[in-house]
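Close look at the chain arrangement
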Amino acid sequence: MFDVASSKAGAQVVLATSADEEYPPENIIDGSQDTFWVTTGLYPQEFVITFQALMNINTVRIQSFNVRKITVGRSVSNEPTEFELLREKDVESTDGQLQEEEIHCGGNLTAQHLKFTIQSGYDHFATIHQVHVDGNAVHS
Amino acid sequence: MPTILRAKCIVVGDSTVGKSALTQVFHSDGTHYPKNYTLTAGVELLVKAVNIPDSNDCVELYIYDSAGKEIFYEIVQKHWDHPSVVMLVYDVTSETSFDSCAKWLERVRSQKPEMQFPGVLVANKIDLDQRRVISPKAGKDFAQSNGLEYFEVSAKEMQQVEAPFYFLANEFHKMYKERLEQFKTLA
Ligand SMILES: Nc1nc2c(ncn2[C@@H]2O[C@H](COP(=O)(O)OP(=O)(O)OP(=O)(O)O)[C@@H](O)[C@H]2O)c(=O)[nH]1
Ligand SMILES: [Mg+2]
């Protein structure tokens, strides 16, 4: 089991609805908690992580700030389309520290892409500092 | 590459104070002033980008020109979730429209009480000098006690119409920069 969402593992952020080039979406999967992606106003805000290959997903861990409600969807198609809702999470607000959410998927859930949608926030702007996905490639 | 911020700007106030006139003059860069009154039924959305001085950034204002007539309030309110910035308008020749400001502000604040949002108070129709009943001082005092920035404008004469919109866009941008400083300290 390893972080299949990291850029080192060949994952990519293929779509993000906000773009401040100082805080690009690649920061979500760069393995560092110091860097982040920031939303630049209005909700919902979305990003999609595409894995190197079809993966078995065990746990999804999200580190964020100001996120109130987030939904996670998965897709097993080649293209990042046909998403199916996996989970909806209400995230507690934090003061001066990152929010941490874990979503357990049991290990037999497969995905080629994960879509994260910040449905609402505690403030006008929210961040995603890191997404970590424990999983491994599906061997066919 | 410029950073594009997006802000939802709701424009509120009594009917006929000139909300649609202001948003249309601003949106058309002063080329369109609706001389004849057409009541807004519900909400009209106009989008306009504002460049932020001394930066590469721009703020796209999603302007929700809302009906002032009471019968539309139920519909209007449904469009007011998560406002980023607020523009409250009254007509300097109408005492009633000025008295209603507190009510409109209360209605906006009830949408999202925990979020701070920049707001402006806009005194419109200052071209009707003879008929003016609300003094600049009364407007300023109300603005100050409610944390709003005060502007005097005339949509008809296209006087100062851009100023309140620019102010809101700049405040939103400032807030973004402040939040970024906070976000950097989190890890
Ligand atoms: N003299 C003068 N008339 C204005 C000014 N701004 C708007 N008006 C006129 O006032 C009337 C009402 O303006 P609107 O912009 O439609 O008013 P509104 O606030 O959008 O009204 P509702 O949509 O019913 O809420 C129109 O006839 C405008 O031409 C102004 O600065 N000076
Ligand atoms: Mg109108």
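This one's a predicted model, so the numbers in the text were calculated from it and none came from an experiment.

The number of helices and strands found in chain A is 0 helices and 8 strands. For a compact globule of 140 residues, the expected C-alpha radius of gyration is about 14 Å, and chain A comes in at 14 Å, within 12% of that figure. The principal-axis extent of the C-alpha atoms belonging to chain A is close to 45 × 30 × 25 Å. Within chain A, the proportion of its 140 residues that are buried is 52%. Intrachain contacts of chain A at a sequence separation of at least 6 include 76% that bridge at least 24 residues. For chain A, the accessible area works out to roughly 6200 Å², and carbon and sulfur atoms hold 43% of it. Charged side chains in chain A number 8 positive and 20 negative. The centres of these two groups are separated by 8 Å.

The subject of this paragraph is the confidence of the model for chain A. Atomic detail in the predicted coordinates should be set aside for any region of low pLDDT. Confidence in the prediction for chain A averages 95 pLDDT; 99% of positions are at 70 or higher. Confidence, expressed as mean pLDDT per element, reaches its minimum in chain A at strand β1 (residues 2-3) of chain A with 90 and its maximum at strand β3 (residues 37-38) of chain A with 98.

Moving on, we get to the coordination of the magnesium ion (ligand 2). All names here are of chain B. The protein atoms that coordinate the magnesium ion (ligand 2) are Ser20 (OG) and Thr40 (OG1), at distances of 2.0 Å. Within this pair, whereas Ser20 is found in helix α1 (residues 19-27), its partner Thr40 is found in the loop between α1 and β2 (43-51), the two being separated by 20 residues in sequence. Of the two residues examined, Ser20 and Thr40, each falls in the buried class.

In this section: the pattern of salt bridges. Within this structure, the stated rule accounts for 15 salt bridges over all chains. Between A:Arg74 and A:Glu84 there is a salt bridge; the shortest N-O distance is 3.0 Å. Of the two residues, A:Arg74 sits in strand β5 (residues 67-75) while A:Glu84 sits in strand β6 (residues 84-90), which places them 10 residues apart along the sequence. Between B:Asp91 and B:Lys125 there is a salt bridge, with its nearest N and O atoms 3.3 Å apart. Here the residue B:Asp91 occupies a position in strand β4 (residues 85-91), and B:Lys125 occupies one in the loop between β5 (119-124) and α5 (136-145), the gap between them amounting to 34 residues. According to the relative accessible area criterion, B:Asp91 is buried, its value standing at 6%. Look at the salt bridges and you will find they share partners, linking B:Glu70, B:Lys103 and B:Arg107 into a network.

Residues and elements named next belong to chain B. The sheet built from 6 strands is open, its strands ordered β2-β3-β1-β4-β5-β6 with mixed pairing. The sheet is open, and its two borders are formed by β2 and β6 (149-152), each paired with just one other strand. Averaged over all pairs of adjacent strands, the angle between their axes in this sheet comes to 25°, without regard to strand direction. In the sheet, β4 pairs with β5 via 6 bridges, with the strands oriented parallel. Paired with Val86 across the two strands is Gly119, which belongs to β5. This element, α5, spans β4, β5 and β6 of the sheet and lies at about 155° to β6.

Applying the stated criterion across every chain, the model contains 15 aromatic pairs over all chains. Where A:Trp37 meets A:Phe47, the ring centres are 5.3 Å apart and the plane angle is 70°; that geometry is what we call edge-to-face. With a gap of 10 residues between them, A:Trp37 in strand β3 and A:Phe47 in strand β4 (residues 45-65) connect regions that are remote in the sequence. Judged by its relative accessible area of 0%, A:Trp37 falls in the buried class. Taken together through their ring pairs, the aromatic side chains of A:Tyr23, A:Phe36, A:Phe65 and B:Phe183 make up a single cluster. It is B:Lys8 that lies over the ring of B:Tyr64; its NZ or CZ is 4.6 Å from the centre.

Residues and elements named next belong to chain B. With respect to spatial proximity, 24 residues lie near ligand 1, and among them Ser15, Lys19, Ala21, Tyr37 and Gly68 are the closest. Residue Lys19 places a side-chain N or O atom 2.7 Å away from an oxygen atom belonging to ligand 1. A distance of 3.2 Å is found between a nitrogen atom of ligand 1 and a side-chain nitrogen or oxygen belonging to Asn124. For ligand 1, the protein covers 92% of the area, taking 650 Å² as the surface of the free molecule. With 3 residues, α1 is the largest single contributor of residues to the shell around ligand 1. Its residues placed into classes, the shell around ligand 1 shows 9 nonpolar, 9 polar and 6 charged.

Okay, the interface of chain B and chain A next. The interface of chain B with chain A comprises 26 residues on the first partner and 27 residues on the second. When chain B packs against chain A, close to 2200 Å² is buried across both sides, 61% of that on carbon and sulfur atoms. It is B:Arg6, B:Phe183 and B:Leu186 that lose the most area in chain B upon contact with chain A, and together they represent 28% of the buried surface on that side. Summed over the shared surface of chain B and chain A, the number is 1 salt bridge. A salt bridge links B:Arg179 to A:Asp123; the shortest N-O distance between them is 2.3 Å.

To continue, consider the pairing of β5(B). Residues and elements named next belong to chain B. When you tally the buried positions in β5, you get 6 out of 6 residues, the bulk of the element. Neither face of β5 is left uncovered, since the one carrying Gly119, Leu121 and Ala123 and the one carrying Val120, Val122 and Asn124 both have all their residues buried. When β5 meets β6, the two strands line up parallel, connected through 4 bridges. Each bridged residue has a counterpart across the sheet, and for Leu121 the counterpart in β6 is Tyr150. Crossover β5 to β6 through α5 is right-handed.

Conventions we followed
- Residues numbered from 1 in each chain as written.
- Chains lettered and ligands numbered in written order.
- Predicted model: local features only at pLDDT ≥ 70, side-chain atom pairs only at ≥ 80, totals over all residues.
- Heavy atoms only, no water.
- Helix = DSSP H or I, 4+ residues; strand = E, 2+ residues; numbered from the N terminus.
- Rg over C-alpha atoms; globule rule 2.2 N^0.38 Å.
- Buried < 20%, exposed > 50% of the residue type's maximum accessible area, 1.4 Å probe, protein only.
- Contact = heavy atoms within 4.5 Å.
- Areas by Shrake-Rupley, 256 points an atom, 1.4 Å probe, with all protein chains shown as cover.
- Lys, Arg positive; Asp, Glu negative; His and termini not counted.
- Charge placed at Lys NZ, Arg CZ, Asp CG, Glu CD.
- pLDDT = per-residue confidence, 0-100.
- Donors = N, O, S within 2.8 Å, 3.2 Å for Na, K, Ca; no water.
- Salt bridge = Lys/Arg side-chain N within 4 Å of Asp/Glu carboxyl O.
- Pairing = 2+ DSSP bridges.
- Axes fitted to C-alpha atoms, helices over the stretch in contact; angles between N-to-C directions.
- Phe/Tyr/Trp six-rings, centres within 6.5 Å; stacked < 30°, edge-to-face > 60°.
- Lys NZ or Arg CZ within 6 Å of the ring centre and 35° of its normal.
- Near = heavy atom within 4 Å.
- Polar contact = N/O pair within 3.5 Å; in protein donor to acceptor, adjacent residues only side chain to side chain.
- Nonpolar A, V, L, I, M, F, W, Y, C, P; charged D, E, K, R; others polar.
- Buried area = accessible area lost by both parts, 1.4 Å probe.
- Right-handed = clockwise from strand over helix to strand, strands pointing away.

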